Structure formats: structure tokens, C-alpha cells
Amino acid sequence: MEIPRDQIEAGSMTRQIYSFHGGVHPEENKQISTQHAIAVAPVPAHVIVPVRQHIGQPAKPCVAVGDRVLKGQMIAAAEGYISVAAHAPTSGVVTAIDLHPVPHPSGLSDLCIHIAADGEDRWIERNPTDYRNMNASALRNRLRDMGIAGLGGAVFPTFIKLNPGVPQKVQTLLLNGGECEPWITCDDMTMREHAAEIMQGATVMRFMLRAETVLVGIEDNKPQAIAAMQQAAAQCDFPVEIVTIPTLYPGGGAKQMIKTVTGKEVPSGGRSTDVGVATFNVGTALAIHRAVNLGEPLISRVVTVTGNVGQPRNFEVLIGTPIDELIALAGKHADTVTGHLMGGPMMGIELARTDVPVVKATNCILVKSAKLFPPPPPAMPCIRCTRCADACPADLQPQELLWFTRSKNFDRAEKYQLFDCIECGCCSYVCPSHIPLVQYYRYAKSEISAKQKDQQAADHARERHESRIARIEREKQERAEKLAQKAAAKPAADAATDDPATVVKKAAIQAAIERAKAAKAADDTVATPTE
Amino acid sequence: MLSSPYINEKTSVFVIMLKVMLALVPAIAAYVWYFGPAILISLTIASVTALVLETIAVKLRGLPARPFLMDGSALVTAWLLALSIPSIAPWWLIVVGTFFAIIVAKHLYGGLGNNLFNPAMVGYAVLIISFPVQMTHWAAPYSLAGEHLGLADAAQYIFSGLLPDGWKLDAISTATPLDTLRTQLQLHRSVADISQMPIFGSIGGQGSEIVVLMFLLGGIYLWLTRIITWHIPLAFLGALALIAGIFHMVNPQHYATPWFHIASGGAMLGAFFIATDPVSGATTPKGKLIFGAGIGLLTYLIRALGGYPDGVAFAVLLMNITVPLIDAYTQPPVYGHKGIAK
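Note that the structure is a prediction, hence the values are computed from the model and not measured. (Residues numbered from 1 in each chain as written. Chains lettered and ligands numbered in written order. Predicted model: local features only at pLDDT ≥ 70, side-chain atom pairs only at ≥ 80, totals over all residues. Heavy atoms only, no water.)

J.: Quick rundown of the overall build of chain A? Include the residues and the values.
T.: When its secondary structure is counted, chain A shows 13 helices and 19 strands. The C-alpha radius of gyration of chain A comes to 30 Å, more than 25% above the 24 Å expected for a compact globule of 531 residues. Overall, the C-alpha framework of chain A stretches about 110 × 60 × 50 Å when taken along its three principal axes. Looking at the 531 residues of chain A, the share that counts as buried comes to 52%. (Helix = DSSP H or I, 4+ residues; strand = E, 2+ residues; numbered from the N terminus. Rg over C-alpha atoms; globule rule 2.2 N^0.38 Å. Buried < 20%, exposed > 50% of the residue type's maximum accessible area, 1.4 Å probe, protein only.)

Have a look at this one:
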């Protein structure tokens, strides 16, 4: 699919853009939440900060219950390599460090630090970083300690991605302003209102990556954001290209965005850096600007509150704000609320409860009503119409994967590259039989992973068992040898029987008899062997 | 609790089937215009039989009747079968064919989505093998018929086999152009000579070539509305034209033109409406090309060298067998796997 879709003018430069396979055009529903500027949500009375808001190991609390904390103070430090810190979103007192429900479809609880706000919202001392005169590794650690993780949804620790690699692997810095999910407008509004700061963040990232090219990919349904970003790009002292890409879900997915703007495909199982591209969400660039140039850690983000609410709009929200308080800010709508999604309708998760906090991954809260989200019609049999295959941006054959999953033929599913599925939902979206295909694939993936884990555990147990057998054998041998030595040390009175070989043999026989006795005794007492 | 995505495109199996039936309407209208209203009766018999059998099968299998009857697939099968057999065939022939299509080919294999073979073509194959005589009496074009069967007369003939006093079967029925070509060739006449007979039109059969044109229009509608892709029809008709062209070039006296082959018999209906059945056809783009081309090739071989005047049904059924193999070997490269040696 190396077909150039269009030649787009961007300043004085033109860039050939490419198309990825498939994609769908769901109703956008973005207009309703872009009517008003981003509002600053008030400081809540009580914030709940989970220690794991990123991919990787949870941060380790570094405050105690009763401690007074300032806004921006680190309250949990990164632990392990893939981890970032967490910070107090406002000043106050730590009231508890315990399990609390976090945004998760099953209502799962995780370790959270609770802070009762004191209302002063007093900042910790903020120091800009002179990043140009700083050791590269120290700078990365600084971003880790500022809690920066990808705000596009994956929340991968950003500092890890800001490594140019040895040898230099990254040539292109790609800022992702695609925002292809319906309903969500937080990146759109962030670009409209904070374009210059995003570019300042990009300046830092470009420096860290020593990138030659800086691109910003934005879907063409955001003309105001494109204009704002073009204006900001013109102010930069290095070339930045704003690439307008066609609106096509999931064009904002990192792999699809890279394909669209560079024509390259990230190899399966690889990273975008394998094709020389480092991709970051535009909101992440803004967070980096604030962390490096202003000394402010990641304690707030822009969240779209939309759907079945009085006035859909975007809010700059402190991390840790209870989601129900945030929803209340958008007002009530006459329709009955039938549920809440975090994220968009294509890839979001259904929240089991709304007393969970806003986290770094919270880009949108979508309040459902039966009118906006009618329950899906009952699933019918697959008629192999291959609309799913036509829509799949990973070039998979979803109808075959469904067949293999239903028949629990997981080996075949894996062979048909099940694990390249990005769970974007295009297949389920277009299915005329309304089959929840993505659910099948999640199930198959978890079954395969569980099986692999079982296999590993079984391998491990077998190895342990074998080494135990070997050890017992070795010890037996040693005992026999000791016995033999003892026997050899005896006076030569019974010279005829003193042949060491015979003694060893005798000892071995004796040992075997004992072993047999022991085994029999064990059999009698223990019905089932433990190993 | 459901997981993502939470929205669906406003479509359903029923909408797809409805569009397929809609695409058949112009051809049916042309059929009525050129061959009389008997086709409306056979379509009705097939539809009613299919719905009754579908209801019984769905009930026996313990499935909810409403969604499965509402999917429309049984009606599409019924229409395709009725359009494949003579419109003036006796009622029981249609019922038997529909029974084999719906019960044997579809539900005994597991129902919608699970049939290995195209149901309508299974029904057709059973009929052409078991009742070859009834399957050769096609309604003559009005322009050639001695007598015109009206709706009431047609109904009487289909249900009782009785024609109005004094009418002969020969006055209302005829062999198809393909059949005529076949029998006349056996009498050692040349293609050019045979084509002068009144049953032949300008490229295909008298009247039937217009019906075929309407199938083409309907097929283009299905392609434009993305119910089908271009792969199977193009490969089918392309392969048929190619091999017919080669034979015709070698011996124009004995082998008809490629355009005659495309415009006659079940080729156009088969290419756009039958071979494109997603359930029993290949699914990958490359696979669809192989599948379609195979049908086109086999259709020609059966027509030109085999024992039946038309070969679409057997070609489709034979290629249905190969679908799992074709699909397995034509998987398109997955994102991120291109250029990676396996």
C-alpha cells in the first residue's frame, strides 16, 4: 500500500503522505466539546494519587501518613527502570496510603496516596532545568522524577523513549496530534491553546534525541489546531513540518501515523525507533516543556468530558481528582446515565465506578446514555463478508482469527499474527453480524499468555525436579565413596574382602535397599507424591 | 460488562441481503418483460418454501427464530435458485431444489455462515442431475413464443402442468441458447450458422441478454455499495472470456465467441451474485482472484467439453471445495511483517 495519498503543502515544504490499510469513519462527535476554551477545574478537597499510573513498575511512596506536602512535591519515587515518579497535585496533608479503586474495567484497587487539600495550593520551589548543559542521562532521570509518561493513552515512561540510541537510531521526532478517536478533543484543544509551549517541549525533545526532522501529524478535521501549530512552528529556530493527514480512524495510532507520514512500517514486535522515528503525544510535549522549562512536574492534564452531560467541554484537571467530581463540573443532561467510559468509544474502558481518580492516562470521560450508546443488537453468525479484513489497519484476517478463537485453535490464531492486533475495534465496528470480535481476540491473547506462563512454570518445575534427582544421585555417590574410604581404612585383617571395588558395590547395594525401604515407607504414608 | 468498541456501524446481515435482493430487481423486471410473469410465481414459491424450511430448521436447532429469519439469507438463496432454473418449472421442482439448498446445503452444515457449498447451487445441481427434462424447458422469449403465458395461465401450468386448451408446450418453451448451441454443434453446424437462429440475440440470447445486462447493473450497484469487491466477478468473467477467446481463435467454427459466453447462461448472475457468496467463497484478495478465475475456467470447460449445457453451478461447487486451501495460501502480509522472511 505504498500509494501516495496526497501532496500536502506545509509552509515551503511538501511531504508525500501514504495510506495505511483499512480504517473506518465513525461519527466524530467532536464539535460539541470544542465550543468553549479549556476550563481549569477547581482544586478538589481530596485527591487520590495512584502510585502506578504508567506502564511498568509502580512508584514507591516516599511520604508518610500525616506528612504535609506541597503542590508538585514528589510523593512516590520511580522504582526499577520502567517507572516514573508521582507528585502531590496540590498542597495538603497525606491522610492515607492504601488500596483504592483505580480506573479499570473490573473496578480493581491499587495503592493510592490520599491527600486532604489545604486550599492554599502552595507550590514547591520550581527550578527550570538548563537542559542544554546537562548530562544526557541526568536529564532523562529528571524527566523520570518529574513523572512524565505518554499522555496519548499508553502512559509509557517518556524518558526511556528520549534516548537517541547507540548508534543514533532516531532521525525523526514525530509529535502525534492525530486524535482519531471519536468524541475526544483534549489534544485538539491543547494544540489550539498551547501550541507555542508544545513547540518548546518539542525543542527539548529534539535536543535530547538529536533528531534531524521534526514532524507533527494532525488529522484534517482539526483546522484550528493545524493553524495554531503552523504559527507556532514558524517561530521555531529549527524546521518543523505540520503534516495534515486524512481523518481516518485509527490514523492517530502510532504505527498508523508513522506509516502515514513516513511510508514505513514498524516491524512486528519492534518499536518505532526501529524505523528511526520517535513518536510522542502533543500533550506529552507540553508536559515536558512544563517540567524542563518551568520546573513543574506532571500533576495535571487536559481531559475531555463529553457525551451525556450538560455542557461537554475540556478541563485542565489535577491528577487525582475524583472522576465523579469532574463529571459534575460539566453539568447534567436530561437523559439517564447508562455508564461511563474512560477514553473514546472505540478503545476506551468502561468504568465500573466513578469514585476513581483522574490519572495520567485519562484523556476523556464519556458519559453514556441509551440514546448515544444503544446496546448492540444480538450477535449473528459470521458470514465471512471480510468487511473486518477490509477495515483492519494491521492487515489481519479477523474472520479467520474469530474462527480459530472459537474453536480454541490458538496455535493457528498465533500463526495468523493475532498478537499484531492493536485492538482498535475497527473489525467489531463494521461487523454486520455485530460480533464482538475484539473481545474474542483479547480472550485468545490472554489464553495464549496463560498457556505460555503455565508452560514456563511446568518447564521450571521439571528442571527443578531433574536437578533434585541429580543432586540425590550425587549425594548417594558421595556417601558410597565415603563408605568405601572408611572400609579401605580398616586394618587388613579381612584382606580377601578388602577389595575396594567390592566394598563400593556392597555399599551401593546397601544404599539401594535403604532407598527402596524409604520409598516404600513414603508410599505407604503419602498417597500422592508431592513432586 | 462489554469491552470496546462501544459503537457499531449502522448495518446488519439483513441490510446486506436486502441490498442483494434490490440489486436483482432490475433483472427480474427485464425477465418479466421479455419472458412473461411466470418468474414471479417461481420466485414466490421459492421464497415461501425457503422461509418455511428455514423456520422449521431454526426451530429444530433451538435457535431464536426472529433474528435468524430476519437475516434475509434464506430469501436470497431462494431468489438465486429461482433465477437459475426455468421459470415455468413445476412447483415441486422448485420446492425440492429449495429443500436441498436450505436444509441440506445450509442447515445440515451448521446454518448461516457454516455452509461449505453455495446453497442455491447445491439445489440447482440436485435438480439438473435428477430432473434433466424439466430443467430444459425454459420459457421462450415473448418475441418468439407462439402463445403468451399470462400470470393466471402460468400459475395453472406451474401448479398443475396444464396449459390452456390447444396450447402446446413447444409454443411457450424453448431450449436456452447455450443448450441450442450445444445440440446444434453436435449436428456439425458451425457457430456462425447456429447464431443465425432466432433464439440468439445480438451477443447472447434473445431477451436474456438484456436480463444479463441487468445482472451486470445490479452487480455494479453491489460493488459501488461495497457489498462485494471487484475481485471475484472480474476474475470469473475475465478467465471465462480469456479461455473462450483462445478456443474461439483456434477454431471459430466450433467455439462460440467470448462475449457470447459472458452474456449467456448463468455467467453474469454467477459472477456477481453467486460466486460472491461470502460464506462459501474465498476471503483474501488474492484468494478471491484465484477462486473467481477457477470458476470462470471450469464453467467454460464444462460448457465446451463437458456433458451439461451450462457449467456455472458445478464450477462454483468445485471451487467451493478449494476455498480453505486457497485462503490458507493467500494470506496477505500483516502490518510489520512485510519484507520479513518467514
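Moving on from the model shown.
J.: Break down the interface of chain B and chain A for me, with residues and values.
T.: With 41 residues of chain B at the contact, the number on the chain A side is 53 residues. In this assembly, chain B packs against chain A so that about 4000 Å² is buried in total across both faces, 57% of it on carbon and sulfur atoms. Going through the elements one at a time, α1 (13-35), α3 (65-69) and α16 (312-329) of chain B are the ones with two or more residues in the side of chain B that touches chain A. By residue number, the principal contributor to the side of chain B that touches chain A is α16(B), which donates three residues. Residue classes in the side of chain B that touches chain A are distributed as 20 nonpolar, 14 polar and seven charged. (Contact = heavy atoms within 4.5 Å. Buried area = accessible area lost by both parts, 1.4 Å probe. Nonpolar A, V, L, I, M, F, W, Y, C, P; charged D, E, K, R; others polar.)

J.: Tell me about the environment of A:Pro128, and name the residues and values.
T.: Residue and element names in this part refer to chain A. Mapped onto the secondary structure, Pro 128 falls in the loop between β10 (109-117) and α1 (136-145). Along the chain, Pro 128 and Gly 295 lie 167 residues apart, while their C-alpha atoms are 4.6 Å from each other. Contact partners of Pro 128, with chain neighbours within four places excluded, come to Val 292, Asn 293 and Gly 295.

J.: I'd like to hear about the packing of helix α9 (residues 398-406) of chain A against helix α12 (residues 437-489) of chain A, residue by residue, with values.
T.: A pair of packed helices can be characterised by two numbers: the angle between their axes and the separation between those axes. Residues and elements named next belong to chain A. Closest axis-to-axis distance for the α9/α12 pair is 10 Å, and the angle between their directions is 55°. Accordingly, the angle class assigned to the pair α9 and α12 is oblique. Read as a crossing pair, α9 and α12 show a hand that is left-handed. Residues Pro 398, Gln 399, Leu 401, Leu 402, Thr 405 and Arg 406 of α9 touch α12, and the partners they reach there are Leu 437, Tyr 440, Tyr 441, Tyr 443 and Ala 444. Among the residues forming the contact of α9 with α12, the class breakdown is eight nonpolar, two polar and one charged. (Axes fitted to C-alpha atoms, helices over the stretch in contact; angles between N-to-C directions. Parallel < 35°, antiparallel > 145°, perpendicular 65-115°, else oblique. Left-handed = near helix turned anticlockwise from the far one by under 90°.)

J.: Can you tell me about the packing of aromatic side chains, naming the residues and giving the values?
T.: Residues and elements named next belong to chain A. By the definition in use, this model includes 14 aromatic pairs over all chains. Note on Phe 404 and Tyr 416: the rings are 4.9 Å apart at their centroids and 70° apart in plane angle, and the pair reads as edge-to-face. Highlighted residues: Phe 404 in helix α9 and Tyr 416 in the loop between α10 (410-415) and α11 (426-430), separated in sequence by 12 residues. As far as the burial class goes, Phe 404 and Tyr 416 line up, both buried. (Phe/Tyr/Trp six-rings, centres within 6.5 Å; stacked < 30°, edge-to-face > 60°.)

J.: Tell me about a nonpolar patch on the surface, and name the residues and values.
T.: All names here are of chain B. A grouping of Leu 217, Ile 220, Trp 223, Leu 224, Trp 230, Leu 234 and Leu 289 is seen on the molecular surface, where their side chains present a nonpolar patch of about 690 Å² in accessible area. It is helix α11 (residues 208-224) that provides the largest number of residues to the nonpolar patch, a total of four residues. Within the secondary structure, Trp 230 sits in the loop between α11 and α12 (231-250). By relative accessible area, which is 41% here, Trp 230 ends up partly exposed. (Patch = residues over 30% accessible without salt bridge, like charges linked within 9 Å, V, L, I, M, F, W, Y side chains within 5 Å. Areas by Shrake-Rupley, 256 points an atom, 1.4 Å probe, with all protein chains shown as cover. Salt bridge = Lys/Arg side-chain N within 4 Å of Asp/Glu carboxyl O.)

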